Amino acid sequence: QVHLVESGGGLVQAGGSLRLSCAASGSTFNIRTMGWYRQTPRKQRELVAIISSGGSTNYADSVTGRFTISRDNAKNTVYLQMNSLKPEDTAVYYCKCDRWGYTTEYWGQGTQVTVSS
């Protein structure tokens, strides 16, 4: 069992930056991938960025070059540095992870990011 808690969301002006954090607790010794997703009332939940246990990353086209995902395995924490934010980045951002050898996915409760124009 893994528990995920996001933090760092808030209100920011267009062009500004935010850094989201997601801390994992529980059975963290075998976490495989960690990632960030976002969702609005008008869209399905979509992948923003993922990072493997070895540090390989993948980004949605809409955030490539602006967002950076990273992780600190010693702290069981994944980060999302968001720069050059746009109003269309406004969403609830969710943290997700999985574990080696298991199909279960674990999700955080989400943190609101609002970008004003």
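Here the structure is a predicted model, which is why all the values come from computation and not from measurement.

Draft legend 1. Expanded view of the sheet that holds strand 1 (residues 2-7). Ordered in space as 1-3-8-7, the 4 strands form an open sheet in which the pairing is antiparallel. Of all strands in the sheet, those bounded by a partner on one side alone are strand 1 and strand 7 (67-72). On average, each strand axis in the sheet is inclined to that of its neighbour by 15 degrees, with strand direction left out of account. Pairing geometry for strand 3 (residues 18-26) and strand 8 (residues 77-82), over 6 bridges, is antiparallel. Bridge pairing links Ala23 to Thr77 in strand 8.

Draft legend 2. Structural view of the pattern of salt bridges. One pass over the full model with this rule turns up 6 salt bridges. Put simply, Glu46 and Arg38 hold a salt bridge, and the shortest N to O gap is 2.8 Å. Owing to a relative accessible area of 23%, Glu46 belongs among the partly exposed residues under this scheme. On the basis of relative accessibility, which here comes to 6%, the residue Arg38 falls in the buried class. A salt bridge links Asp89 to Arg66; the nearest nitrogen and oxygen atoms lie 2.8 Å apart. Taken together, the residues span a long stretch of sequence, with Asp89 in the loop between strand 8 and strand 9 (91-99) and Arg66 in the loop between strand 6 (57-59) and strand 7 at a distance of 23 residues. Comparing Asp89 with Arg66 shows no difference in burial state: the two are buried. Salt bridges linked by common partners bring Arg38, Lys43, Glu46, Arg66 and Asp89 together as one network.

Draft legend 3. Examining the state of the cysteines more closely. For the structure on display, the rule yields 1 disulfide. Here Cys22 is linked by a disulfide to Cys95, with a sulfur-sulfur distance of 2.1 Å. With the S-S dihedral at roughly -85 degrees, the linkage between Cys22 and Cys95 falls on the left-handed side. Taken as a pair, Cys22 in strand 3 and Cys95 in strand 9 lie far apart in primary sequence, 73 residues in all. A relative accessible area of 0% means that Cys22 is categorised as buried. Judged by its relative accessible area of 0%, Cys95 falls in the buried class. Between Cys97, a cysteine without a disulfide, and Cys95, which holds the nearest cysteine sulfur, the sulfur-to-sulfur distance is 6.5 Å.

Criteria and cut-off values
- Residues numbered from 1 in each chain as written.
- Predicted model: local features only at pLDDT ≥ 70, side-chain atom pairs only at ≥ 80, totals over all residues.
- Heavy atoms only, no water.
- Pairing = 2+ DSSP bridges.
- Helix = DSSP H or I, 4+ residues; strand = E, 2+ residues; numbered from the N terminus.
- Axes fitted to C-alpha atoms, helices over the stretch in contact; angles between N-to-C directions.
- Salt bridge = Lys/Arg side-chain N within 4 Å of Asp/Glu carboxyl O.
- Buried < 20%, exposed > 50% of the residue type's maximum accessible area, 1.4 Å probe, protein only.
- Disulfide = S-S within 2.5 Å.

Read these as spatial facts, not as claims about activity.
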